[in-house]
Amino acid sequence: DNKITDVGELHVLHNLATLSIEHNKIVKLPLSLATLTALTELRTEGNPLVSPPDEVIQLGAAKVVRYLGEKRSLITENVRDLYSAFDEDGSGSVSRKEMVMGLFKVSLGASKEDLLKVIDEADDDGNGFISMEEFKDILLKILAADPDAEQPWDLSSLGLPRFTVDLQEPHLVSSLDLSDNLLTDLPDSLSLLVGLKTLSLDENRLRHVPAPACMPWLVRLSLRGNTIDVVPEHLIALDTLAFLHFERNQIQVLPCNMVMMTGLQILSLDGNPMRMPLSALNEQGL
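A short tour of the structure in this document, coming up. Sequence order as written defines residue numbering, which begins from 1 separately in each chain. Since the coordinates come from a predicted model, pLDDT governs what is reported: local features require at least 70, and pairs of side-chain atoms require 80 or more to be given and counted, while whole-chain, interface and lining totals use all residues. Excluded from the side-chain calculation are hydrogens and water; included are all heavy atoms of the structure.

This part covers the overall build of the protein. Of the regular secondary structure elements, the protein holds eight helices and 10 strands. Accessibility here uses a 1.4 Å probe with only protein chains present; expressed as a share of the type maximum, an area under 20% marks a residue as buried, one over 50% as exposed, and anything in between as partly exposed. Every one of the 286 residues in the protein was classed for burial, and the buried ones make up 46%. Residue contacts are counted whenever heavy atoms from the two residues lie within 4.5 Å of one another. When contacts within the protein are restricted to residue pairs at least 6 apart in sequence, long-range pairs at least 24 apart make up 36% of them. Accessible surface, the protein: about 14,300 Å² in total, of which carbon and sulfur atoms supply 51%. A run of DSSP states H or I qualifies as a helix once it reaches four residues; a run of E qualifies as a strand once it reaches two. Both are numbered from the N-terminal end. Reported accessibility uses the Shrake-Rupley method at a 1.4 Å probe radius. Residues are deemed covered only where the shown protein chains occlude them.

So this is what it looks like as structure tokens:
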């Protein structure tokens, strides 16, 4: 019952078991709270919280801490903590030297020459020090320029009944693992993940392939252990899809037009009650 807006400083209380912050003005739980691994009770009622989303808060303190930790592992979601880590001399700002050394430590794959070029371009005022905003711009430019840069988001085994795209830079996520949750569908906002190449939806409660999961840039889609019985047209239309896992579902027949999925390298159907061999597909090497 105060007017607190930020609880970031609590991350140093590693043995904290109960956190009661009801009826304040907190909109977002900081990622730094991922360090509170001893937390068993979290009370947030009466706050205008938008992040983490309500379906995560309802899972309890331990799951919230893990969720924050997974978000923190995404470089672009963790700019403030990274900025502090790069500031090795504790001056409160990051020099060009500290920036280059820090970027090499997080292994973004760029050469020293490329890093210096991006840093020079981002240092708007030319004072040799990188501000927080300049720091974020540098990270985004490096990640956007490297198609092999991995930004995996692992939300498996949380018990999520729903999924919300709760990211500042969703377009930089390369893989999303939502396996072993309680999902029955996916939101249209999944389309914000325009850099997503791999999507895992194993062991959920899906009775159909969610239309939002059929993104035209997806390379790997895994749907093992659901109760899907139909391969939809919007999935067949994906010409970038190379790996499709449908094991342990309820599929009996595959549509003949799946032969049009010429980019498909692996199609796994073990554990489905298939009614007939599909010679047309076999001839296509699927």
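With that settled, the discussion passes to the nonpolar core. One recurring pattern in soluble globular proteins is that nonpolar side chains are buried together. If you look at the biggest cluster of nonpolar residues, it comprises 59 residues, and the most contacted ones within it are Leu29, Phe163, Leu176, Leu199, Leu201, Leu235 and Phe246. Among the elements of the structure, helix H1 (54–57), helix H2 (61–72) and helix H7 (233–236) are those that each provide at least two residues to this core. If near-sequence neighbours (up to four positions away) are discounted, Phe163 is found in contact with Glu55, Trp153, Leu155, Leu176, Leu178, Leu183, Leu186, Pro187 and Leu190. Counting residues in each nonpolar core, the second largest holds 18 residues, with Tyr83, Val118, Phe135 and Ile138 among its members. Throughout, nonpolar core names a set of buried Ala, Val, Leu, Ile, Met, Phe, Trp, Tyr and Cys residues whose side chains join them through atoms within 4.5 Å.

It is worth spelling out the environment of Ser175 at this point. Here Ser175 lies in strand E6 (residues 175–177). Put simply, Ser175 and Lys197 are 22 residues apart on the chain and 5.8 Å apart in space, counted from C-alpha to C-alpha. Setting aside residues up to four positions removed in sequence, Ser175 forms contacts with Gln151, Pro152, Trp153, Leu196 and Thr198.

By definition, a salt bridge exists where a carboxyl oxygen of Asp or Glu is found within 4 Å of a side-chain nitrogen of Lys or Arg. Under the criterion given, the structure shown has eight salt bridges. Its salt-bridge partner being Glu41, residue Arg43 comes within 2.5 Å of it at the nearest N-O pair. With relative accessibility at 33%, the residue Arg43 sits in the partly exposed group. The closest approach of N and O atoms between Arg248 and Glu203, which form a salt bridge, is 2.5 Å. Remark: Glu203 occurs in the loop between strand E7 (198–200) and strand E8 (220–222) and Arg248 occurs in the loop between strand E9 (243–245) and strand E10 (266–268); sequence separation between them is 45 residues.

With that settled, the discussion passes to the packing of aromatic side chains. Two numbers describe a pair of aromatic rings. These are the distance of the centres and the angle of the planes. Ring geometry is summarised as follows: Phe, Tyr and Trp rings, the Trp one being its six-membered ring, pair when their centres sit within 6.5 Å, and such pairs are stacked at plane angles under 30 degrees, edge-to-face over 60 and tilted between the two. Throughout the structure, instances matching the rule amount to one aromatic pair. Between Arg220 and the ring centre of Phe243, over which it is positioned, the NZ or CZ distance is 3.9 Å. Both a distance and an angle decide whether a charge sits over a ring: NZ of Lys or CZ of Arg must be within 6 Å of the ring centre and within 35 degrees of the ring normal.

So, about the sheet that holds E9. Between any two strands, at least two bridges found by DSSP are needed for them to pair. Ordered by their spatial adjacency, six strands build an open sheet running E5-E6-E7-E8-E9-E10, and the pairing between neighbours is parallel. This sheet does not close on itself; its edge strands, each paired only once, are strand E5 (152–154) and E10. Shown here is a sheet whose adjacent strand axes are inclined to one another by a mean of 5°, direction ignored. Here three bridges tie E9 to E10, and the two strands are oriented parallel to one another. The partner of His245 across the bridge, within E10, is Ser268. Helix axes are fitted only over the stretch in contact, all axes being lines through C-alpha atoms; the angle between N-to-C directions runs from 0 to 180 degrees.

Attention shifts here to unusual backbone geometry. Omega for the peptide link from Ser51 to Pro52 comes to 0°, which places this bond in the cis form. Positioned with a positive phi, His23 is a non-glycine residue whose angle comes to about 55°. By the element assignment, His23 lies in the loop between strand E1 (18–20) and strand E2 (41–43). Of note, the phi angle at Arg248 is positive, near 60°, even though the residue is not glycine.

Secondary-structure assignment places Lys71 in helix H2. Given a relative accessible area of 3%, Lys71 falls into the buried group. Contacts of Lys71, omitting those with residues within four sequence positions, involve Leu31, Ser51, Glu77, Trp153, Asp166 and Leu167.

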